[in-house]
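Each chain, letter by letter, is given below.
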Amino acid sequence: MKINEPSDSTVEEPGRKRGRPRSFDREAAREKALQLFWEHGYEGTSINDLTAAMGITPPSLYTAFGSKEALYAEVLDLYRSSFGAYFPAALTEEKTVYGGIRRLLRGAAETFTAGPGGCMISTAVLSCASEVKGVAASLAAMRSGSLDMIENYIRKGIGTGELPETTNTRQLARFYGTIIQGMSVQARDGANVEELTGIAETAMRAWPVQAPD
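Keep in mind that this is a model prediction, so the values were computed, not measured.

With that settled, the discussion passes to the pattern of salt bridges. A complete count under the given rule lists 10 salt bridges for this structure. Between R103 and E94 there is a salt bridge, with the nearest N and O atoms lying 2.9 Å from each other. R170 is paired through a salt bridge with E151; the nearest N and O atoms lie 2.7 Å apart. Taken together, the positions of R170 in helix α8 (residues 169-188) and E151 in helix α7 (residues 133-159) put the pair 19 residues apart, joining distant regions of the chain. For E151, a relative accessible area of 11% translates into the label buried. Linked through salt bridges whose partners overlap, the residues forming this network are R26, E27, R30 and E74.

Bringing helix α4 (residues 68-81) into the picture now. Given 3.6 residues to a turn, an α-helix orients residues that are three or four positions apart in the same direction. A rise of 1.5 Å per residue sets the reference length of α4, with its 14 residues, at 20 Å; its end C-alpha atoms lie 20 Å apart and thus fit the reference within 8%. Looking at the buried residues of α4, the elements they touch are α1 (26-44), α2 (47-54), α3 (58-65), α6 (97-112) and α7.

In the structure shown here, the tally under the stated rule is 10 aromatic pairs. Between F37 and Y42, the aromatic rings sit 6.0 Å apart at their centres with planes inclined by 10°, giving stacked as the arrangement. Residue class for F37 comes out buried when judged on its relative accessible area of 2%. Here W38 and F83 contribute two aromatic rings whose centre-to-centre distance is 4.7 Å and whose plane-to-plane angle is 65°, an arrangement assigned as edge-to-face. With a gap of 45 residues between them, W38 in helix α1 and F83 in the loop between α4 and α5 (86-93) connect regions that are remote in the sequence. Among the aromatic residues, those joined into a cluster by ring pairs are Y98, F175, Y176 and W207. Above the face of the Y42 ring, K68 is positioned so that its terminal group lies 4.4 Å from the ring centre.

Before going further, it helps to spend a moment on the packing of α5 against α6. Contact pair α5 / α6: the axes reach a minimum separation of 8 Å and the direction vectors enclose 160°. Considering the angle they form, α5 stands roughly antiparallel to α6. The hand of the α5/α6 crossing is right-handed. Contacts between α5 and α6 involve Y86, F87, A89, A90, L91 and E93 from the first element and G100, I101, R103, L104, G107, A108, T111 and F112 from the second.

Parameters at a glance
- Residues numbered from 1 in each chain as written.
- Predicted model: local features only at pLDDT ≥ 70, side-chain atom pairs only at ≥ 80, totals over all residues.
- Heavy atoms only, no water.
- Salt bridge = Lys/Arg side-chain N within 4 Å of Asp/Glu carboxyl O.
- Helix = DSSP H or I, 4+ residues; strand = E, 2+ residues; numbered from the N terminus.
- Buried < 20%, exposed > 50% of the residue type's maximum accessible area, 1.4 Å probe, protein only.
- Expected span 1.5 Å × (residues − 1).
- Contact = heavy atoms within 4.5 Å.
- Phe/Tyr/Trp six-rings, centres within 6.5 Å; stacked < 30°, edge-to-face > 60°.
- Lys NZ or Arg CZ within 6 Å of the ring centre and 35° of its normal.
- Axes fitted to C-alpha atoms, helices over the stretch in contact; angles between N-to-C directions.
- Parallel < 35°, antiparallel > 145°, perpendicular 65-115°, else oblique.
- Left-handed = near helix turned anticlockwise from the far one by under 90°.

Remember, this is a structural readout, not a statement about activity or role.
This is how it looks when you write it as structure tokens:
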């Protein structure tokens, strides 16, 4: 949706009559911010970087989004609903828990190599300055929530008889969560989709029982 950019964009230029405010495409602005935050991280992306990419002024950014932290929160939601959509899909659409976890890892391999590299959530803001502790806490909560989702999904396998009752669901969830985070780092360092898929397939060999047909 396009809205009028805040009034600071309507300053007259010499020899030019005042006209209507420039059109500001909020969705396009969020997509540009997503690419910057994904590539450079929260602290590595400045307000000047954001406004240059969006074609607006700092006051306009604050008027439109409230703050850099609020913009980042919106961008994370956008990431999760677009690039990150593979995660919930893998845990809801497969017939077996094994198939879901395998699809999850393969989806990570594809997603982590689709943009600037890695995952915005898995390895973002692992340590930071005190002024962005709120951002770090939010990301840590997201990672913890994802781990809980994986564990609950694995627990379903016990209920259906796919996994033995002795399966340590938390340990297994942490194992695959660690694989995903490691794949994110590998992608940031230049690993391609084939290499990450190889990591995913190797990790699936650690499945507690023989893979179902």
